[in-house]
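Fold and contact review
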Amino acid sequence: MKGLKKKRRVQVIVLAFVALALSAGLIGFAFRDGINYYRSPSQVLEEPPEARETFRLGGLVEDGTLMRGQGKIVTFAVTDGVSSVPVSYSGILPDLFEENQGMIGTGKYVNGVFEASEILAKHDEEYMPREVIDTLKETGVYEDPNG
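Residues numbered from 1 in each chain as written. Predicted model: local features only at pLDDT ≥ 70, side-chain atom pairs only at ≥ 80, totals over all residues. Heavy atoms only, no water.

Quick look at the confidence of the model for the chain
We apply this condition: How sure the predictor is of each residue is captured by pLDDT, a score from 0 to 100. Where helices and strands are cited, they refer to DSSP runs of H or I of at least four residues and of E of at least two residues respectively, numbered from the N terminus.
Taken residue by residue, the chain gives an average pLDDT of 83. The fraction at 70 or more is 86%. For the chain, helix H3 (residues 130-139) is the element with the lowest average pLDDT, namely 76, and strand S4 (residues 84-90) is the one with the highest, namely 92.

Remarks on unusual backbone geometry
Among all residues save glycine, negative phi is the norm, and among peptide bonds the norm is trans. In this model, Asn100 sits at a positive phi of 65°, which is unusual for a non-glycine residue. Here Asn100 shows up in the loop between S4 and strand S5 (102-110). We note that Asn111 has phi near 55°; this positive angle belongs to a residue other than glycine. For Asn111, the position within the fold is in the loop between S5 and strand S6 (113-121).

Things to note about the pattern of salt bridges
Heads up, the condition is: The salt bridge definition used is simple: a Lys or Arg side-chain nitrogen within 4 Å of an Asp or Glu carboxyl oxygen.
This structure, assessed with the given rule, holds two salt bridges. Residue Arg52 pairs with Glu50 through a salt bridge whose shortest N-O separation is 2.9 Å.

Remarks on the packing of aromatic side chains
Short version of the rule: Think of it this way: a Phe, Tyr or Trp ring, Trp meaning its six-membered ring, pairs with another when their centres are within 6.5 Å, and the plane angle makes it stacked under 30 degrees, edge-to-face over 60, tilted otherwise. Burial here depends on accessible area, computed with a 1.4 Å probe over protein chains only, as a share of the maximum for the residue type. Under 20% is buried, over 50% is exposed, and the range in between is partly exposed.
Taken as a whole and assessed by the stated rule, the structure comprises two aromatic pairs. Ring centres of Phe76 and Phe97 lie 5.0 Å apart, and the angle between their planes is 65°; on these two criteria the pair is classed as edge-to-face. Of this pair, Phe76 sits in strand S3 (residues 73-79) while Phe97 sits in the loop between S4 and S5, and the two are 21 residues apart along the sequence. Among the residues examined, Phe76 registers a relative accessible area of 3% and is labelled buried.

Spelled out as structure tokens, the structure:
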């Protein structure tokens with residue numbers, strides 16, 4: 001009888017470890033698409049991501065590149081002062097979206113163009129995303145709007 005209890009206890013422990021490993025694997029698989037890393041245009045051009053990878057691209061909307069009203073797709077370029085990445089977006093842009101302003105887009109880099117699925121822009125006249133400010137400071141382009 002003692003041997004049977006010990007055997008059953010070992011089986012339960014092994015089953016618990018297998019279940020734990022399986023659940024950890026499923027959680028990791030679920031998080032794979034839920035984590036979006038931020039990249040600057042320079043980082044994207046230095047090490048282009050795979051076409052299936054979703055990430056966030058941020059910087060300033062480059063002057064003279066915003067094309068509205070050309071069908072359903074809006075095109076523009078995002079720059080960090082050093083490099084520039086072309087962006088295409090199908091949807092309605094935020095109200096305060098304009099050239100030479102900070103933005104962050106979520107999407108994929110396919111055939112040399114960032115295909116955005118979501119565009120975020122400043123929500124008031126003085127706001128700029130922290131990641132964009134950090135990128136612009138690194139490249140020496142950032143100008144403090146307060147002087």
